[in-house]
Amino acid sequence: MRSRPNRRRTLLAVLLAPILVAVPLTIAAQASVPPPAAGWTTVWSDDFDGPSGSLPSSTDWIIDTGHGYPGGPGNWGTGEIQNYTNSTSNVALDGAGNLRVTPRRDAAGNWTSARIETQRSNFKPPSGGVLAIESRIQMPNVTGDAALGYWPAFWALGSPYRGNYWNWPGIGEFDIMENVNGINSVWGVLHCGVNPGGPCNETTGLGASRACPGSTCQSAFHTYRFEWDTSVSPNELRWYVDGQQFHSVSQSQLPADTWSNMTSHAGYFILLNVAIGGAFPDALNGPTPRAETVPDRPMIVDYVAVSSRGGGTTTPPPPTGSAYSTLQAESYCQQSGMGVEITTDTGGGQNLMQISNGDWALYRGIDFGSSAATQFVGRVASGAAGGVSGLVEVRLDKFLQDRALLQLVLGTANGEQSPRPATRPTLLFRHSGSLGGDGFEGRISGRR
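The rules behind the values
- Residues numbered from 1 in each chain as written.
- Predicted model: local features only at pLDDT ≥ 70, side-chain atom pairs only at ≥ 80, totals over all residues.
- Heavy atoms only, no water.
- Core = buried A, V, L, I, M, F, W, Y, C linked by side-chain atoms within 4.5 Å.
- Buried < 20%, exposed > 50% of the residue type's maximum accessible area, 1.4 Å probe, protein only.
- Helix = DSSP H or I, 4+ residues; strand = E, 2+ residues; numbered from the N terminus.
- pLDDT = per-residue confidence, 0-100.
- Contact = heavy atoms within 4.5 Å.
- Disulfide = S-S within 2.5 Å.
- Salt bridge = Lys/Arg side-chain N within 4 Å of Asp/Glu carboxyl O.
- Pairing = 2+ DSSP bridges.
- Axes fitted to C-alpha atoms, helices over the stretch in contact; angles between N-to-C directions.
- Phe/Tyr/Trp six-rings, centres within 6.5 Å; stacked < 30°, edge-to-face > 60°.

On to the nonpolar core. Phe154, Leu190, Tyr224 and Leu272 are the most contacted members of the largest nonpolar core, which has 51 residues in total. The leading source of residues in this core is strand E17 (residues 268-276), at 5 residues. Counting 20 residues, the second-largest nonpolar core is a separate cluster that includes Tyr84, Ala153, Tyr165 and Ile183.

Attention now moves to the confidence of the model for the protein chain. On average, residues of the protein chain score 81 in pLDDT, and 65% of them reach the 70 mark or higher. Considering only residues more than four positions removed or in separate chains, one finds that residues 3-26, a stretch of pLDDT under 50, has 63 contacts. Contacts for the low-pLDDT stretch residues 313-319, under 50 throughout, to residues beyond four places or in other chains number 7 contacts.

Within the secondary structure layout, Gln218 lies in the loop between strand E13 (206-210) and strand E14 (222-229). Those residues in contact with Gln218 that lie beyond four places of it in its chain are Gln138, Met139, Pro140, Asn141, Val142, Thr143, Asn179, Gly182, Ile183 and Asn184.

Counting across every chain of the model gives 2 disulfides. Covalently, Cys192 is tied to Cys200 through a disulfide, its sulfur atoms 2.0 Å apart. On the S-S bond that ties Cys192 to Cys200, the torsion sits near 90°, and the link is right-handed. Accessibility expressed as a relative area gives 0% for Cys192, which makes it buried. Classification of Cys200 by relative accessible area gives buried; the value is 0%. Through a disulfide, Cys212 is tied to Cys217; the S-S separation comes to 2.0 Å.

Okay, the pattern of salt bridges next. Per the stated rule, a full pass over the model turns up 10 salt bridges. With a shortest N-O distance of 2.9 Å, Arg136 and Asp302 are connected by a salt bridge. A residue pair is termed long-range when its members are at least 10 positions apart, and Arg136 in strand E9 (residues 129-138) and Asp302 in strand E18 (residues 299-310) qualify at 166 residues. A relative accessible area of 16% places Arg136 in the buried class. One salt bridge in this structure joins Glu227 and Arg225, with 2.8 Å as the shortest N-O distance. Bridged by salt links that share partners, the residues Glu134, Arg225, Glu227, Asp229, Glu236 and Arg238 form one connected network.

An order of E2-E8-E17-E10-E11-E12-E13 is seen for the 7 strands of this open sheet, with the pairing classed as antiparallel. The open sheet terminates on both sides in strands that have one partner only, identified here as strand E2 (61-64) and E13. Strand-to-strand twist of the sheet, defined as the mean angle between neighbouring strand axes without regard to direction, takes the value 15°. As paired strands, strand E10 (residues 150-158) and strand E11 (residues 173-178) are joined by 5 bridges and run antiparallel to one another. Looking at E11, one finds that Ala156 is bridged to Phe174.

Looking now at the sheet that holds strand E6 (residues 104-105). Judged by pairing direction, the sheet is mixed, and its 3 strands sit side by side in the order E3-E7-E6 without closing on themselves. With one partner strand each, in any of the chains shown, strand E3 (83-84) and E6 form the two edges of the open sheet. Pairing analysis gives 2 bridges linking E3 to strand E7 (residues 111-113), with the strands arranged parallel. Following the sheet pairing, Tyr84 is matched in E7 by Ser113.

This brings us to the packing of aromatic side chains. Applying the stated criterion across every chain, the model contains 16 aromatic pairs. Look at Phe174 and Phe226: their rings are 4.4 Å apart centre to centre, the planes differ by 25°, and that puts the pair in the stacked class. Of this pair, Phe174 sits in strand E11 while Phe226 is found in strand E14, placing the two residues 52 residues apart along the sequence. A single burial state applies to Phe174 and to Phe226, both of which are buried. With a centroid separation of 4.3 Å and an interplanar angle of 25°, the aromatic rings of Phe174 and Tyr268 are classed as stacked. Taken as a pair, Phe174 in strand E11 and Tyr268 in strand E17 lie far apart in primary sequence, 94 residues in all. For Phe174, a relative accessible area of 1% gives the class buried. The structure contains a cluster of three or more aromatic residues connected by ring pairs, namely Tyr69, Trp76, Tyr84, Tyr161 and Tyr165.

Below you can see the structure in the form of structure tokens.
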């Protein structure tokens, strides 16, 4: 979900004059994914070798279909109008080492296209290192009025989005390459924080754009690259086209909780798609598509590669604490699917948010002392409507898998600062009490 209405209105004020460009019948791919530069290691790659007319590897890719994720925003949250399919008419290898993502229009005026995402959703830098996500792409070779509504993209979404679909943009989105309406320009954008507004100025995001070097974005292949650098302090995000940097965002530009929410989870998955219509193309020359818009112009992808450099620094030991003092919610050692935000609860600090079914936080090394304890005290809040309940479980050490030590049932709103959909209660886990033994590990998780 790359946008909401009215995004990027300030990024480009004028549309280029209409120009039509013929589409070449064959495009040469590189022989294979280029080897990583000195000091870099390939983490994962796909060079789209395979028989002409075959789908991309199901081992590496998920093909999205329809007008949205089940239970997620309609029209993929962007207003795009096409129906995504798994038909080889829309997404297929070309037999020459490329993937083609091709929008089609039927006689009734209905558009179809394709969107794929990596099976892997854990792409992130090694501790103290750098992650790079790169692809060599030729945008759909169409410009002017014939291109109105075309919206090709190469991007990445935070893994907690899968199965939730309502926690954007807090989980992070890196738009490595976006283009609309056949303009000779590449946009690189970060989405984060809250929507609307917030530190990333949603729904616009923090973005920059430039013309492709040399040949236009539509007439030739260009290499689009994103780097997430944790080897420098503050950390930095960088965007490149053909090796030329055109955008960056520093950790120092964002609040600590915003940066943590988009970087402390398991990682990111990568997406490739060609949308038709929607908020971004409409913002520059809407409404789109129009009668002049032509179908059948593919985005051609030579390869996608993920690499890393450096890292391996010693991870600080996990925090420890006493079971008989306040355990701050944000002091977890590991988590899945959660974020943190500034709380308005008594005492200030931060609280966990965006908790969905199966999400969890882990707290290691909590000392229960030498005498048995008998109570656990926790504080939670929920945005659930009347008649709807959620469940937060607390488990200790050997009980992590078999049974919950404590279950906190959440019903109607009880002091939650930002109500969420009823099926996704928000947890404010501010105090832990006790329960016997010592050296236990504790885990809290959300269910419904």
